[in-house]
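Letter by letter, the chains look like this.
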Amino acid sequence: MSILLDGKALSAEIKENLKVKVAEFEKNYGRKISLAVILVGENPASCVYVKNKIKAAEFVGIKSLSFSLPATATESEVEDLVKTLSVDNSVDGILVQLPLPKHLNEEKILSIIPAEKDVDGFTAENVGNTTLFKDGINSCTPAGIMYMLKSTGVSLSGKHAVIIGRSNIVGKPVALMLLRENCTVTICHSKTADLKAFAKQADILVVAIGKAKFVTADMVKDGAIVIDVGINRTENGLCGDVDFEGVKDKASFITPVPGGVGPMTIAMLMSNAYKCAYRREND
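Okay, so let's go over this structure. (Residues numbered from 1 in each chain as written. Predicted model: local features only at pLDDT ≥ 70, side-chain atom pairs only at ≥ 80, totals over all residues. Heavy atoms only, no water.)

**Looking at the nonpolar core**
Going by this rule: Residue types Ala, Val, Leu, Ile, Met, Phe, Trp, Tyr and Cys, when buried and joined through side-chain atoms within 4.5 Å, form a set referred to as a nonpolar core. Relative accessibility decides the category of a residue: with a 1.4 Å probe and only protein chains considered, values under 20% of the type maximum give buried, values over 50% give exposed, and everything between is partly exposed. The helix count covers DSSP runs of H or I at least four residues long, the strand count covers runs of E at least two residues long, and both are numbered beginning at the N terminus. Contacts are residue-level and defined by heavy atoms, with any inter-residue pair within 4.5 Å sufficient.
Among the nonpolar cores identified, the biggest contains 51 residues, and I62, I145, L149, I227 and M270 are the most heavily contacted of them. With 11 residues, the single largest contributor to this core is helix α10 (residues 261-282). Leave out the neighbours within four places in its chain, and I227 touches L5, I145, L149, L205, V206, V207, T255 and V261.

In structure tokens form, the structure reads like this:
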């Protein structure tokens with residue numbers, strides 16, 4: 001029987017610790033940490049995510065500035081807002097909620113955010129720091145995954161980590177973070193031949209492929225740690241990329257969906273906002 005990696009409990013612990021740090025920051029520097037959140041359009045999922053992020057910011061004591069633009073906003077309008085916030089000394093962090101409407105160039109817009117205000121860890125400089133194993137602002141979901149893995153108390157060094165999914169937001173950065181912990185890393189994707197054979201070798205299996213219940217029990221090694229990043233809306237409610245009921249008896253540790261990686265992503269976002277503010281005051 002596996003041990004549940006409870007993202008809600010772990011994220012609550014992180015936020016409680018952050019609340020203390022944020023209060024100390026305000027006392028030491030005489031101001032609040034400020035996070036600007038930009039939402040373009042009214043994508044229902046994005047609206048929920050933004051609401052949860054603002055709620056988390058309020059809980060830890062970070063001031064959130066919310067900017068909503070219509071789905072019809074032009075690229076120059078979005079860019080102008082990002083540029084304005086970039087030079088605003090009262091703003092410590094900038095978050096552009098993804099996905100953006102299809103007519104907008106996400107990469108171009110994100111590139112405008114200064115690395116020192118990039119709370120999502122998506123800019124080329126912050127991604128480069130992750131690649132070079134330098135301390136910087138890491139992408140929130142991979143950072144949350146690493147926190148969960150370390151919370152197990154299991155040594156990561158020498159473990160074979162298999163990642164299913166090669167996205168810039170999850171797959172690639174979490175692979176680099178696992179390499180930094182001396183794991184042997186295999187990245188699988190939609191073109192991988194005999195993906196099942198690779199998955200069954202994994203001591204640590206990270207699944208971020210966007211397909212409901214894609215990973216089944218026969219793809220999982222006995223005693224593997226299974227991290228399910230997926231969140232899929234089905235007729236029967238939310239589920240992950242892993243068949244939780246089928247896999248839970250084979251894994252040593254497993255994340256639930258919902259309540260696993262999702263809450264950790266938001267907790268890491270708050271941690272990044274604190275880091276951005278602290279570094280701006282001390283660099």
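**Regarding the sheet that holds strand β2 (residues 34-40)**
For the record, the criterion: When DSSP finds two or more bridges between two strands, those strands count as paired. For helices, the fitted line uses only the C-alpha atoms of the stretch in contact; every axis is such a line through C-alpha atoms, and the angle between N-to-C directions lies from 0 to 180 degrees.
Reading across from one edge, β3-β2-β4 is the order of the 3 strands in this open sheet, with parallel pairing throughout. Either end of the sheet is taken by a strand with one partner, and the two such strands are β3 (63-69) and β4 (93-96). Within the sheet, the average angular offset between the axes of one strand and its neighbour, ignoring direction, is 15°. Pairing of β2 with β4 involves 4 bridges; the strand directions are parallel. Bridge assignment links L35 to a residue of β4, and that residue is G93. Each of β2, β3 and β4 is contacted by helix α2 (residues 44-60), which is oriented at about 170° to β2, the strand it contacts most.

**Brief notes about the layout of surface pockets**
One way to see where empty space is left: roll a probe the size of a water molecule over the atoms. Defined as follows: Each cavity reported here is a set of points on a 1 Å grid over the protein atoms alone in which a 1.4 Å probe fits but cannot get out, each pocket an open set with protein on both sides within 12 Å along at least five of seven lines, and each lining residue one with an atom within 4 Å of a point. Grid points are joined across faces, edges and corners, and a volume is the space filled by probe spheres set on the points. For this scheme, ten residues count as nonpolar: Ala, Val, Leu, Ile, Met, Phe, Trp, Tyr, Cys and Pro. Four count as charged, namely Asp, Glu, Lys and Arg, and the remainder, Gly too, count as polar.
Roughly 1,400 Å³ of internal volume is contained in the largest pocket. Looking at the largest pocket, it is lined by 49 residues, and the ones nearest its centre are Y49, T141, I231, G262 and T265. Within the residue set of the lining of the largest pocket, elements represented by two or more residues are α1 (7-29), α2, β4, α6 (140-151), β9 (232-234) and α10. For the lining of the largest pocket, the element with the most residues is α2, which contributes 8 residues. Tallied by class, residues from the lining of the largest pocket come to 25 nonpolar, 15 polar and 9 charged. A volume near 490 Å³ is recorded for the second largest pocket. Among the elements of the structure, α4 (106-112), α5 (124-131) and α7 (171-180) are those that each provide at least two residues to the lining of the second largest pocket. At 5 residues, the largest contribution of residues to the lining of the second largest pocket is made by α5. Looking at side-chain class alone, the lining of the second largest pocket contains 9 nonpolar, 8 polar and 4 charged residues.

Function-wise, these values are silent; they only describe arrangement.
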